[in-house]
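Notes for the structure review
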Amino acid sequence: KNEVEQSPQNLTAQEEEFITINCSYSVGISALHWLQQHPGGGIVSLFMLSSGKKKHGRLIATINIQEKHSSLHITASHPRDSAVYICAADGLTFGKGTHLIIQP
Amino acid sequence: KAGVTQTPRYLIKTRGQQVTLSCSPISGHRSVSWYQQTPGQGLQFLFEYFSETQRNKGNFPGRFSGRQFSNSRSEMNVSTLELGDSALYLCASSLHESSTDTQYFGPGTRLTVL
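Everything quoted here is computed from the prediction, not taken from an experiment. (Residues numbered from 1 in each chain as written. Chains lettered and ligands numbered in written order. Predicted model: local features only at pLDDT ≥ 70, side-chain atom pairs only at ≥ 80, totals over all residues. Heavy atoms only, no water.)

Here's the deal with the overall build of chain A
A count of helices and strands for chain A gives 0 helices and 11 strands. Its helices and strands in sequence order give chain A the pattern β-β-β-β-β-β-β-β-β-β-β, from N to C terminus. Relative to the compact-globule value of 13 Å for 104 residues, chain A shows a C-alpha radius of gyration of 13 Å, a close match. The C-alpha extent of chain A, read off along each of the three principal axes, is 40 × 25 × 20 Å. For chain A, with 104 residues in total, the buried portion stands at 47%. Taking the contacts inside chain A whose residues are at least 6 apart along the sequence as the reference set, 52% of them involve residues at least 24 apart. Here chain A displays about 5000 Å² of accessible surface, and carbon together with sulfur accounts for 51% of that area. Across chain A, the mean location of the 8 positive side-chain charges is 6 Å away from that of the 8 negative side-chain charges. (Helix = DSSP H or I, 4+ residues; strand = E, 2+ residues; numbered from the N terminus. Rg over C-alpha atoms; globule rule 2.2 N^0.38 Å. Buried < 20%, exposed > 50% of the residue type's maximum accessible area, 1.4 Å probe, protein only. Contact = heavy atoms within 4.5 Å. Areas by Shrake-Rupley, 256 points an atom, 1.4 Å probe, with all protein chains shown as cover. Lys, Arg positive; Asp, Glu negative; His and termini not counted. Charge placed at Lys NZ, Arg CZ, Asp CG, Glu CD.)

Next comes the structure, spelled out in structure tokens:
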């Protein structure tokens, strides 16, 4: 069974700060998913990656297959980035989520 | 293109009853996955259906079941409801197998068991 750990659990930062959220898993996977959940419940898939790095706007996701580790970075963070960020190994096993608050 | 829809959005049931939740995927998507989300356990995978076949099943008791129809719409059923089944139930659809494809989530059905 894959164990997925996320850190930090909670993160409060100021607007414009560079944000990093980490995700580690215990068993090799085909793909790592990053999800965003806003208050109210709606979930949006941000990235699905199996190697290297992907970028979408101010969001960057990286994965190191050998170290079983992925990171989600947010550059020039904004209050609208405030949400829960969840990683998922193969879309089957989820981390507990990182509660991110960006203060103006 | 319409997104993933789930019905009903809210549901209140009592212990011992059964419930059926419905999910309509994005047109053309063949995979539908179901998840349970609770404050204590977070998101947990229930099962995935692809072209009417169950491809994957999470670690939930047999009271939780599902099916997928030929039009890719899916239903999940929970029998003999327990208080601990109170949760947000989410479905997601994807064009291909969900583990290696982008998933599109529905708004969820919030189930309260009294």
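Moving on, there is more to tell.
Describing the state of the cysteines
Residues and elements named next belong to chain A. Applying the stated rule across the entire model yields 2 disulfides over all chains. Note that C23 is cross-linked by a disulfide to C87, the S-S spacing being 2.1 Å. Its S-S torsion of about 80° marks the bond between C23 and C87 as right-handed, since a negative value means left-handed. With C23 in strand β3 (residues 19–25) and C87 in strand β9 (residues 83–89), this pair connects stretches of sequence that are 64 residues apart. (Disulfide = S-S within 2.5 Å.)

Details of the packing of aromatic side chains
The final tally for this structure, using the stated rule, is 5 aromatic pairs over all chains. Measuring from centroid to centroid gives 5.3 Å for F94 of chain A and Y35 of chain B, while their planes differ by 90°, and the two rings are edge-to-face. Of this pair, F94 of chain A sits in strand β10 (residues 93–94) while Y35 of chain B sits in strand β4 (residues 31–38), on two different chains. For the pair F94 of chain A and Y35 of chain B, a shared accessibility class is recorded, and that class is buried. Ring centres of F60 of chain B and F64 of chain B lie 5.2 Å apart, and the angle between their planes is 65°; on these two criteria the pair is classed as edge-to-face. With respect to burial, F60 of chain B and F64 of chain B carry one shared label: buried. Members of the aromatic cluster, each reached through a chain of ring pairs, are F94 of chain A together with Y35, F45 and F105 of chain B. (Phe/Tyr/Trp six-rings, centres within 6.5 Å; stacked < 30°, edge-to-face > 60°.)

Don't take any of this as a statement about function, it's just geometry.
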